[in-house]
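Here's the letter readout for the chains.
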Amino acid sequence: MCSDNKKFLRLESVGIDSDCEFVVGSLNEIVKGHKLLFSVASDVFKAMFYGDLKQESPVKVVDLDPIGFKLMKQFIYTGEVCFTSAIDALLTFSAARKYLIPDLEENCIKYINGNIQPSEVLEFFESCKVLYISEFDGLYSKIIQEKTDEVVDSEFFLTSKTETIESLLKLPCLKLESEREVFEHFERWAKAESDRKSINVDLMPSYFNNLKKHIRFLTMSLKEFVSCVEKSFILTREEKNAILNNLIEFNSEPMPKCLSLEREQRKFKTSSVTPKDYQYKHKFIVSIDKLCSSCSTYTIPKFSNLPIRITFTKPIDGYICFHAEFLKNRIVDVIEIMNVESRLTVLAEEKRNNLVFENVFFTVLNWHNSDKHEMSFAKIPISRLRNEKFLRSTSDIVIIEASFNIKLETGEE
């Protein structure tokens, strides 16, 4: 709330007895003031104007923005401050920190926590980095994760710095629908960045290598890959082939170093609150210290006379891997596409602590080449299971509830 008490500000506005000047920012904006009022508010100003090492007017202030400096002056003269945005409050916080005015710092923090908008959070993030302010690291990460859809629709998104986009892509949880949507927004930004910096089309794939490694391509479905990634200008043909082959068959060929090997889905928060119904469910009882090559098998019943077996296997690079195996037991003249939605829930003592891994995958069943097809569709890090929240009594047993929706499509070869 802004104060109506302007009596001290009027001293400056009408030029009454101002006895100091500040030259602020890169554009050398002049801010006039009164040494006594500044000195009462801050020991830094008191030493500056009345100490042994006092500075002569005008005082150059090169590391602050004029907006923040003038809002600090407003607080010094009236005891109150009126912000119009979280960015203004951040610039003022920087000034208050420099001149050791804790009451103003507190005002800035309170305003920012209560008023920062998704549309300004990326600019806020970049300003924090420039000003070396770390107090709000948790705040802007929280907003980006909870309001991602609004953040990527903001005007500032397409003009953001590379470091800002990388920070967003590293987040484990986003309010978007899928990894495909993550990639689509990243590609929008990459196109704007390419236009801005006149990057040659042949150089685009290598230019964005440091960012591509944060896209979880291997959590996409084949359908998503073909409709979205396959046409992208920021991946080479070699990279696209590697992703495609690993989506069809896990670990079928090495992935390029600039691409992620991550197969655990990001957590996506969507506007839908309706829980998904699954056709098939099964509980696996897993002994994490005694995993073998084929510890447990679940055969999905009554599905188009096509046996589907779900298994989990011995640890691979510290993960329990879940596989789907499709067996031919009938005459099939066409290529089929198997669509599977899976949800693996590691059950905790308290439901709110459950660990959930969701995935959607497609696999091509070409029965002309083989009578059996296999695919790894999910993996759970064993390190996350060694937690008293999941372990039963003092044993090494965890319970994993597996849920599936399955759809079989046919198409001509």
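Residues numbered from 1 in each chain as written. Predicted model: local features only at pLDDT ≥ 70, side-chain atom pairs only at ≥ 80, totals over all residues. Heavy atoms only, no water.

Engineer: What am I meant to see in empty space enclosed by the protein here?
Structural biologist: Sizing a probe to match a water molecule and rolling it over the atoms shows the empty space that remains. Scanning all chains against the criterion turns up two cavities of 30 Å³ or more. For the largest cavity, the full set of lining residues is Val152, Phe157, Ile165, Leu168, Leu169, Leu174, Leu176, Val182, His185 and Phe186. If you list the elements that add at least two residues to the lining of the largest cavity, you get helix H10 (162-169) and helix H11 (179-197). Residues belonging to the lining of the largest cavity are distributed by class as follows: nine nonpolar, one polar and no charged. (1 Å grid on protein atoms, 1.4 Å probe; cavity = no way out; pocket = protein on both sides within 12 Å on 5 of 7 lines; lining within 4 Å. Points joined across faces, edges and corners; volume = space filled by probe spheres on them. Helix = DSSP H or I, 4+ residues; strand = E, 2+ residues; numbered from the N terminus. Nonpolar A, V, L, I, M, F, W, Y, C, P; charged D, E, K, R; others polar.)

Engineer: It is not clear to me how the sheet that holds strand E1 (residues 20-24) should be interpreted in this structure. Could you clarify?
Structural biologist: Strand pairing in a sheet relies on backbone hydrogen bonds, with the paired strands running either antiparallel or parallel. Strand order in this open sheet of three strands is E2-E1-E3, and the pairing throughout is mixed. Each edge of the sheet is formed by a strand with only one pairing partner; in this case those strands are strand E2 (29-33) and strand E3 (59-61). The average angle at which neighbouring strand axes cross in this sheet is 25 degrees, direction not considered. Lying on the sheet, helix H3 (residues 43-50) is in contact with E1 and E3; it crosses E1 at an angle near 115 degrees. (Pairing = 2+ DSSP bridges. Axes fitted to C-alpha atoms, helices over the stretch in contact; angles between N-to-C directions. Contact = heavy atoms within 4.5 Å.)

Engineer: Any chance you could explain the layout of surface pockets here in plain terms?
Structural biologist: Estimates place the volume of the second largest pocket at around 270 Å³. Lining the second largest pocket are 14 residues, and of these Glu249, His373, Glu374, Met375 and Ser376 sit closest to its centre. When residues of the lining of the second largest pocket are traced back to their parent elements, those giving at least two are strand E8 (308-312), strand E9 (319-327), strand E11 (355-365) and strand E12 (372-381). Ranked by residue count, the leading element in the lining of the second largest pocket is E12, at five residues. Looking at side-chain class alone, the lining of the second largest pocket contains four nonpolar, five polar and five charged residues.

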